[in-house]
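Residue strings, one per chain:
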Amino acid sequence: MYEWDFSILWGYRWLLLQGLSITVGFTAATICIGLTIGLTAAICLLSRLRILRALSLGFIEIFRCTPVLVQLIWCYYALPMVAGIEMTPMTASLLALSCYGGAFFAEIIRGGIVSIDMGQSEAASALGMTPLLAMRRIILPQALHRMLPALMNQSILMFKNTSLVSVLAVPDLVYQGQMAAHDSFRPLETYTAVAVAYFVILFPLTLYVRKRERKLGEAR
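All of the points below concern the structure found in this document. (Residues numbered from 1 in each chain as written. Predicted model: local features only at pLDDT ≥ 70, side-chain atom pairs only at ≥ 80, totals over all residues. Heavy atoms only, no water.)

Moving on, we come to the packing of aromatic side chains. In total, this model carries seven aromatic pairs according to the counting rule given. Judged by centre distance (5.4 Å) and plane angle (75 degrees), the rings of F159 and Y198 are edge-to-face. Here F159 is found in helix α6 (residues 131-161), whereas its partner Y198 is found in helix α8 (residues 187-219), with 39 residues between them in sequence. Here F159 and Y198 have matching classes, each one buried. Three or more aromatic residues joined by ring pairs form one cluster here, namely Y2, W4 and F6. Lying across the ring of W10, R13 places its NZ or CZ 4.1 Å from the centre. (Phe/Tyr/Trp six-rings, centres within 6.5 Å; stacked < 30°, edge-to-face > 60°. Helix = DSSP H or I, 4+ residues; strand = E, 2+ residues; numbered from the N terminus. Buried < 20%, exposed > 50% of the residue type's maximum accessible area, 1.4 Å probe, protein only. Lys NZ or Arg CZ within 6 Å of the ring centre and 35° of its normal.)

See below:
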């Protein structure tokens with residue numbers, strides 16, 4: 001019988017807390033950058049210019065249809081050889097996960113925009129607003145209310161996807177957990193603590209998303 005001993009984790013508490021802080025900060029950065037990329041791609045996808053639609057669609061499909069782990073490895077090892085740009089593991093991870101999240105955010109934002117009645121865009125145009133001004137002042141504020149649950153669900157997935165950056169030796173929670181497990185020879189306790197940390201952070205967020213989805217359903 002295996003004898004569990006979680007007391008050994010106390011000696012690694014600062015290592016794990018440091019990894020958790022990096023995971024949270026890294027997730028926040030990828031979400032912010034991903035939302036910016038997603039909004040830009042969604043607007044291009046709805047543009048009247050065929051070249052912008054084609055470029056946006058190509059970007060979205062490339063990142064949606066390939067595994068995020070492969071994207072991480074490719075950005076770190078292959079992109080420097082192709083583009084001649086040297087990147088740290090943190091930069092490569094940030095680029096890959098932001099683009100991956102941005103591709104999914106783009107589809108969510110596009111869906112939210114097209115769900116708004118076109119009559120509102122026509123009314124804004126009649127008042128002399130440019131398409132971008134109407135988008136910023138009228139369409140996006142209404143679409144955001146409908147998009148919020150889906151955006152939060154994708155953000156939760158991005159938080160979990162940060163665990164993959166450990167393959168590039170980014171010192172996130174999983175990587176620091178690996179270091180603690182190798183040093184203490186207690187992988188079960190260490191990875192259980194890592195899983196609990198993810199659960200404690202994400203479970204309240206999932207409950208909030210469900211609450212928002214119910215409110216949105218009632219509003220309809």
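Having seen the model, we can carry on.
Should their charged atoms come close, side chains of opposite charge can pair. The final tally for this structure, using the stated rule, is three salt bridges. Of the charged contacts in the structure, one is a salt bridge between E61 and R64, with a shortest N-O distance of 4.0 Å. Residue E61 and its partner R64 are both found in helix α2 (residues 50-64); the two are separated by three residues, about one turn of the helix. Its salt-bridge partner being E189, residue R186 comes within 3.0 Å of it at the nearest N-O pair. Note on E189: relative accessible area 0%, which makes it buried. (Salt bridge = Lys/Arg side-chain N within 4 Å of Asp/Glu carboxyl O.)

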